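This is what each chain is made of:
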Amino acid sequence: MRKRLSAGSLAAIAVFLISITTPPLATAAQTLAQVQAQINRLEEEATTAAEGAQEAKVKLASLTRSLAGIQAQAAIQGKTVDAISKTLGTIAVNQYKSGSLSQSLELLFSSDPSLYLSSAGSLEAITRRKSTELRKFQSAEQQLNATSLTVSDRLAQVKVLQKKLAERSAFAASKLAQAESLLAKLKKEDRERLAKLAEDLENADQASSLQAAKSAAGVSGRAGIALKYALLQIGDRYVFGAAGLTTWDCSGLTMRAFRTAGVSLPHSSRAQSRMGKSIPFNQKKPGDLMFFGRPVSHVGIYLGGGRMVHAPRSGSRVKVAEASLGRKPLVAVRRF
């Protein structure tokens, strides 16, 4: 005779079966958290690559301007060489037409010494002029050759930078594409949940950032002007290569902020890190620029109290945050 199970035993078995067939909520939440962490990492890598592309873009623009100036100089030098060459040609033609050489031989054997001496002076003047023009021609030609070599060198550098810009831009795009691919693999409800969590987090950051911005009221001078301008952009979205007025990348924000204070900075965190006055980390003040990464790939403006205002990465907004980026170490502080 089969033994009947008690109600308590049945309940215990039911709980056990549910526990082994249903994934715990904590595990599902952890999976989404891992996906979000991967997406953030990919976006940070894309942002780093984008700053590398921005540096190449700044260098390319500077090199292109330099190349244009050198090419203009080469054109002027070319015209100078042509003009001197024409002058030498004119002298040669005139000598040929006047028969100066044959006349000089005739005068040399002339019975009239005074006629020879007076004509010889004219011949010497022609020879001196020709020698002078030849020296000018040789000098101008040497300068033109040197400038032409410089043009060739600059053109080669332009090609290298164009390639680097394309590679960095493509790498940034590929990282964002990987992030999109991760999201596409999630269920619709999970994507919506992640989007809602990210939006809630950004909104919370924005609220705390606006509160923190009030501490900049007492900062004066160029630093104060730049800092206050950057704080006014809290909540604006991060976009690669953007420098306002409603979207920003990290160096675009600092460039525009300091421009309002009368300081001209390039649109590149790496280029900005070589400008201004170097400040020891423990002596930084509100308004100083803080640079992160080796090589430098991020910049923010120090607010004080261990915080900074910056445009963090793709998928985020301008905000006040801790003046630390974890994997990217602080490598320089500069004052303007």
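Residues numbered from 1 in each chain as written. Predicted model: local features only at pLDDT ≥ 70, side-chain atom pairs only at ≥ 80, totals over all residues. Heavy atoms only, no water.

**Q** Before we go on, may I ask you to explain the overall build of the chain in this structure?
**A** When its secondary structure is counted, the chain shows 8 helices and 8 strands. Scored against the burial criterion, the 336 residues of the chain give a buried share of 35%. Contacts in the chain between residues far apart in sequence, at least 24 positions, make up 68% of those at least 6 positions apart. In the structure as shown, the chain presents an accessible area of about 19,700 Å², 58% of it carried by carbon and sulfur atoms. (Helix = DSSP H or I, 4+ residues; strand = E, 2+ residues; numbered from the N terminus. Buried < 20%, exposed > 50% of the residue type's maximum accessible area, 1.4 Å probe, protein only. Contact = heavy atoms within 4.5 Å. Areas by Shrake-Rupley, 256 points an atom, 1.4 Å probe, with all protein chains shown as cover.)

**Q** Explain helix H5 (residues 188-212) here, please?
**A** Each turn of an α-helix holds 3.6 residues, which means side chains three or four residues apart point in the same direction. End to end, H5 covers 36 Å across 25 residues, agreeing with the expected 36 Å (1.5 Å per residue, within 8%). Every buried residue of H5 is accounted for by Leu 194, Glu 202, Ser 209 and Ala 212. (Expected span 1.5 Å × (residues − 1).)

**Q** What's the story with the side chain of Ser 297 in this structure? I'm lost.
**A** Counting through the fold element by element, Ser 297 comes out in the loop between strand E4 (289-292) and strand E5 (298-304). Overall, Ser 297 belongs to the buried group, its relative accessible area being 2%. A distance of 3.1 Å separates polar atoms of two side chains, one belonging to Ser 297 and the other to Lys 328. With residues up to four places along the chain from it excluded, the contact list for Ser 297 reads Thr 48, Glu 51, Cys 250, Ser 269, Phe 292 and Lys 328. (Polar contact = N/O pair within 3.5 Å; in protein donor to acceptor, adjacent residues only side chain to side chain.)

**Q** Would you take a moment to explain the environment of Arg 317 for this structure?
**A** Within the secondary structure, Arg 317 sits in the loop between strand E6 (307-310) and strand E7 (319-322). Residue classification places Arg 317 among the buried residues on the basis of a relative accessible area of 13%. With residues near it in sequence (within four places) discarded, Arg 317 still touches Glu 199, Glu 202, Asn 203, Gln 206, Gly 235, Asp 236, Arg 237, Tyr 238, His 310 and Pro 312. A polar atom in the side chain of Arg 317 sits 2.6 Å from the side chain of Gln 206.

**Q** Can you walk me through the pairing of E5 in this structure?
**A** The side chains of a regular strand alternate, first on one face of the sheet and then on the other. Taken across its 7 residues, E5 has 7 buried, putting it largely inside the fold. In the sheet, E4 pairs with E5 via 4 bridges, with the strands oriented antiparallel. Note that in E5 the partner of Met 290 across the bridge is Gly 300. Two successive antiparallel strands, E4 and E5, enclose a turn made up of 5 residues, where Gly 293 displays a positive phi of approximately 100 degrees. Pairing of E5 with E6 involves 3 bridges; the strand directions are antiparallel. (Pairing = 2+ DSSP bridges.)

**Q** Can you walk me through the sheet that holds E7 in this structure?
**A** Strand-to-strand pairing in sheets goes through backbone hydrogen bonds, with the strands running parallel or antiparallel. Read from one edge to the other, the open sheet built from 6 strands follows the order E3-E8-E4-E5-E6-E7, with strand pairing classed as antiparallel. The open sheet is flanked by strand E3 (277-278) and E7, the only strands paired with a single partner. In terms of strand pairing, E3 meets strand E8 (residues 330-335) through 2 bridges, oriented antiparallel. Bridging across to E8, Lys 277 finds its partner in Arg 335. Set on the sheet, helix H6 (residues 221-232) makes contact with E5, E6 and E7; between it and E5 the angle comes to about 105 degrees. (Axes fitted to C-alpha atoms, helices over the stretch in contact; angles between N-to-C directions.)

**Q** So what exactly am I meant to see when it comes to the environment of Thr 80 here?
**A** Relative to the helices and strands, Thr 80 resides in helix H2 (residues 25-98). Looking at Thr 80, the relative accessible area reads 35%, which means it is partly exposed. Through-space distance from the C-alpha of Thr 80 to that of Phe 137 is 8.4 Å; in sequence the pair is 57 residues apart.

**Q** I keep staring at unusual backbone geometry and nothing clicks. Help me out?
**A** Excluding glycine, most residues fall at negative phi; most peptide bonds, likewise, are trans. Cis geometry marks the peptide bond from Gly 244 to Leu 245, where omega comes out at 5 degrees. Examined against the element boundaries, Leu 245 turns out to sit in the loop between strand E1 (237-238) and strand E2 (247-248). Of note, the amide linkage connecting Arg 294 to Pro 295 takes the cis form, showing an omega dihedral of 0 degrees. The topology assignment puts Pro 295 in the loop between E4 and E5.

**Q** Looking at this structure, how should I read the confidence of the model for the chain?
**A** Regions with low pLDDT carry predicted coordinates that are not meant to be interpreted in detail. Residues at a pLDDT of 70 or more form 79% of the chain, whose mean pLDDT is 82. Per-residue pLDDT stays below 50 along residues 1-28; that stretch engages in 2 contacts with residues further than four places along the chain or on separate chains. (pLDDT = per-residue confidence, 0-100.)

**Q** Looking at this structure, how should I read the pattern of salt bridges?
**A** Oppositely charged side chains may form a pair once their charged atoms are brought near each other. Applying the stated criterion to the full structure yields 14 salt bridges. The partner of Lys 164 in a salt bridge is Glu 55, and the shortest N-O contact between them spans 3.8 Å. With Lys 164 in helix H4 (residues 113-184) and Glu 55 in helix H2, this pair connects stretches of sequence that are 109 residues apart. Classification of Lys 164 by relative accessible area gives partly exposed; the value is 31%. A single salt-bridge network, built from bridges that share partners, covers Glu 55, Lys 59, Lys 164, Arg 270 and Arg 274. (Salt bridge = Lys/Arg side-chain N within 4 Å of Asp/Glu carboxyl O.)

**Q** Got a minute to help me understand the nonpolar core in this structure?
**A** Across soluble globular proteins, you tend to see nonpolar side chains buried next to one another. Of all hydrophobic cores here, the largest spans 31 residues; its most connected members are Leu 227, Leu 231, Phe 258, Leu 289, Ile 301 and Val 309. Elements that contribute at least two residues to this core include exactly H6, helix H7 (250-259), E4 and E5. No other element matches the 6 residues that H6 contributes to this core. Ignoring anything within four residues of it in the chain, the contact list for Leu 289 reads Thr 254, Phe 258, Leu 265, Gln 272, Val 299, Gly 300, Ile 301, Ala 332, Val 333, Arg 334 and Phe 336. (Core = buried A, V, L, I, M, F, W, Y, C linked by side-chain atoms within 4.5 Å.)

**Q** How should H7 be read in this particular structure?
**A** Here H7 lies mainly inside the structure; 8 of its 10 residues are buried. Taken as a whole, H7 has its buried residues at Cys 250, Ser 251, Gly 252, Leu 253, Thr 254, Met 255, Ala 257 and Phe 258.

**Q** Help me understand the side chain of Thr 247 in this model?
**A** Position of Thr 247 relative to the elements: it lies in strand E2. When sequence neighbours within four positions are dropped, the list of residues in contact with Thr 247 reads Arg 237, Val 239 and Ala 242.

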